[in-house]
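Single-letter residue listing:
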Amino acid sequence: MGGFDVGERLKQLRLARQLSQRELAKRAGVTNSTISLIEQNSVSPSVSSLKKILDALPVSISEFFAGEGLSQEQVFYRAEELTEIGDGTLSWKLVGARRPNRSMSIIHEHYPPGADTGEEMLEHEGEEGGVIISGTIELTVGSEVQLLTAGDAYYFDSRLPHRFRNMSDNECVIVSANNPPSFSDGGTEQHHA
């Protein structure tokens, strides 16, 4: 699965919307060189910067990685059928990415040592929660910071700025859910436009 071409996909979507790299950069609040480097696959964007760019298109993260088209309403998903929406370091596997009218996102998250969703905190509509399956994660929500370990859980309003970091030497695994499915329809997320 690791062969997903982030740069090529971003370029296709940008050209389909007739946007120059400069125009997309301006809308997303990033530098021109950021867009250029991502499209050349010279740099792997963090989840938070990719999300800013996709919101500017607007395209959802799951649409970005799943490609065009929705599937029929599948009930069971094998591990290899989950859609990878991570950034190349951390792995987020989304359940039912192509499912029509999905009203929540369920994500199997893997954070290797040192993985971080980015200094630029994530913020989006809705709420999210999760349970730490193994390892340790440092979770920042607003001004609160907690270290959570296996069996611990969290639930918060996603409009609060948040960040996940694995500061330990072991992988951290989380199963999370968020609602509305903020990783599926970037078009509804204009809160920072």
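Conventions adopted
- Residues numbered from 1 in each chain as written.
- Predicted model: local features only at pLDDT ≥ 70, side-chain atom pairs only at ≥ 80, totals over all residues.
- Heavy atoms only, no water.
- Helix = DSSP H or I, 4+ residues; strand = E, 2+ residues; numbered from the N terminus.
- Buried < 20%, exposed > 50% of the residue type's maximum accessible area, 1.4 Å probe, protein only.
- Contact = heavy atoms within 4.5 Å.
- Pairing = 2+ DSSP bridges.
- Polar contact = N/O pair within 3.5 Å; in protein donor to acceptor, adjacent residues only side chain to side chain.
- Arc of directions from axis to C-beta.

Draft legend 1. Region of the structure containing the overall build of the protein chain. Broken down by element type, the protein chain carries 5 helices and 9 strands. Ordered by position from the N terminus, the helices and strands of the protein chain form the series α-α-α-α-α-β-β-β-β-β-β-β-β-β. Split into buried and exposed, the 193 residues of the protein chain put 44% on the buried side. Contacts in the protein chain between residues at least 24 apart in sequence constitute 66% of all its contacts with a sequence separation of at least 6.

Draft legend 2. Representation of the sheet that holds strand β7 (residues 153-157) in the model. Reading across the sheet, the 6 strands line up as β1-β2-β3-β9-β4-β7 and stay open at both edges, with antiparallel pairing between neighbours. The open sheet has two free edges, formed respectively by β1 (83-84) and β7, since each of these has just one partner strand. Relative to strand β9 (residues 172-179), strand β4 (residues 127-134) is paired through 7 bridges, and the arrangement is antiparallel. When the sheet's bridge partners are listed, isoleucine 132 is paired in β9 with isoleucine 174.

Draft legend 3. Representation of the side chain of serine 105. Take serine 105: it is sitting in strand β3 (residues 105-111). Its relative accessible area of 0% is what places serine 105 among the buried residues. There is a polar contact of 2.9 Å between the side chain of serine 105 and the side chain of arginine 102.

Draft legend 4. Up close: helix α2 (residues 21-28). Considered for burial, the residues of α2 that qualify are Leu24, Ala25 and Ala28. Along the long axis of α2, the arc covered by the buried residues comes to 100 degrees, so they all point the same way. Summarising the geometry of α2, the exposed residues directed more than 90 degrees from the buried face are Arg22 and Lys26. Against α1 (6-16), α3 (32-39) and α4 (47-56) lie the buried residues of α2. Count one or two residues on from α2 and you reach glycine 29, which has phi positive near 75 degrees.

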